[in-house]
Amino acid sequence: MRKNRKIRTAASLAVTVVLSAAMFLLFFSIELLIGYFSPRTFQESLRLGDYAVEMEKELLSKQKELFAAHGLPESLVEDIWGNSKSYMAFYQYLDAGEVKEGGYRFGQQEILEAYLAEQNADETEGVKKAIEIVSKEAEAICSRYIYPPFVRIYRQYVREKKPELTALAAVSAVISALCILLLFRWHHSRHHALYYITGSLFTAAVWNAAGTAAVRIGEKSFGTGTGTAYYQTFLEIFKTRGISAWYVVSIVAAAVGVLLFAVSMHMRKR
């Protein structure tokens with residue numbers, strides 16, 4: 001009898017370790033899926049940081065510099081921006097990818113041709129070539145700002161990794177459920193099984209808290225000093241909103257652990 005009890009205790013401890021690891025991986029997957037890997041968090045961070053507003057200012061400034069360098073009125077930039085739907089392209093690209101990168105004509109060539117017509121300028125081959133060159137350069141500036149590469153890179157990375165994280169969360173949940181069933185099956189006294197489960201949960205919560213601290217320390221140097229000021233503003237908001245999921249999961253895990261411990265103590269007294 002005593003030998004069987006020792007074997008059962010050793011087996012329960014082994015299952016507890018497996019359960020702790022499974023719970024930690026489950027927490028980790030959930031935190032990434034609802035935090036850093038959430039497109040909604042990504043989009044809201046861009047909006048909260050007024051990324052589009054600041055991006056528009058810099059875009060217009062760059063185009064005005066280009067026009068001024070070729071002896072064209074800077075006011076034409078405002079005409080181009082006001083007469084086209086290009087100011088909507090960024091939000092469409094960000095929200096649903098309705099506008100594909102590089103697939104939008106911003107209307108620079110049409111505005112420049114209309115301007116030359118108003119000035120009664122001779123449309124020689126040289127003039128046409130110059131207008132074409134300026135238009136292409138202006139469109140390249142628009143594309144670079146309206147379709148920022150980091151948005152495409154983020155989407156692609158999330159598309160590649162999200163199925164893996166979802167699968168990891170599902171497998172971890174299944175393993176956790178099996179471990180819990182085993183513990184309840186091996187221990188006729190439910191509060192004994194709850195002790196092991198509570199211990200696993202607290203261990204997973206401690207690992208998760210340590211992981212949260214490591215991520216928090218590591219993200220401070222991530223992307224720092226690179227990109228524009230408004231990109232840095234967005235990045236700080238995104239990092240803050242992304243790490244909040246880790247805090248929430250850690251607090252919930254600790255709260256559930258306390259609740260399970262209280263239930264097991266109540267069952268023992270009964």
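Just so it is clear, the structure is predicted and the values come from calculations on it, not from any experiment. (Residues numbered from 1 in each chain as written. Predicted model: local features only at pLDDT ≥ 70, side-chain atom pairs only at ≥ 80, totals over all residues. Heavy atoms only, no water.)

Of all hydrophobic cores here, the largest spans 44 residues; its most connected members are F42, Y51, L59, F67, I146 and F234. In contact with F234, other than residues within four places in its own chain, are F42, S45, L46, Y51 and F150. Within the second largest apolar cluster, 15 residues are counted, among which are M23, F27, Y196 and V249. (Core = buried A, V, L, I, M, F, W, Y, C linked by side-chain atoms within 4.5 Å. Buried < 20%, exposed > 50% of the residue type's maximum accessible area, 1.4 Å probe, protein only. Contact = heavy atoms within 4.5 Å.)

Within the element layout of this structure, E54 appears in helix 3 (residues 51–69). The spacing of E54 and Y231 is 177 residues in sequence and 9.1 Å in space, taken between C-alpha atoms. (Helix = DSSP H or I, 4+ residues; strand = E, 2+ residues; numbered from the N terminus.)

So, on to the pattern of salt bridges. In total, this model carries five salt bridges according to the counting rule given. The salt bridge partner of R40 is E44, with a shortest N-O separation of 3.1 Å. Taken together, the residues R40 and E44, both in helix 2 (residues 39–48) and four residues apart, mark about one turn of the helix. According to the relative accessible area criterion, E44 is partly exposed, its value standing at 26%. Between E44 and R241 there is a salt bridge whose closest N-O contact spans 2.4 Å. Here E44, found in helix 2, pairs with R241, found in helix 10 (residues 229–269); they are 197 residues apart in sequence, far enough to count as distant. Where salt bridges share partners, they join R40, E44 and R241 into one cluster. (Salt bridge = Lys/Arg side-chain N within 4 Å of Asp/Glu carboxyl O.)

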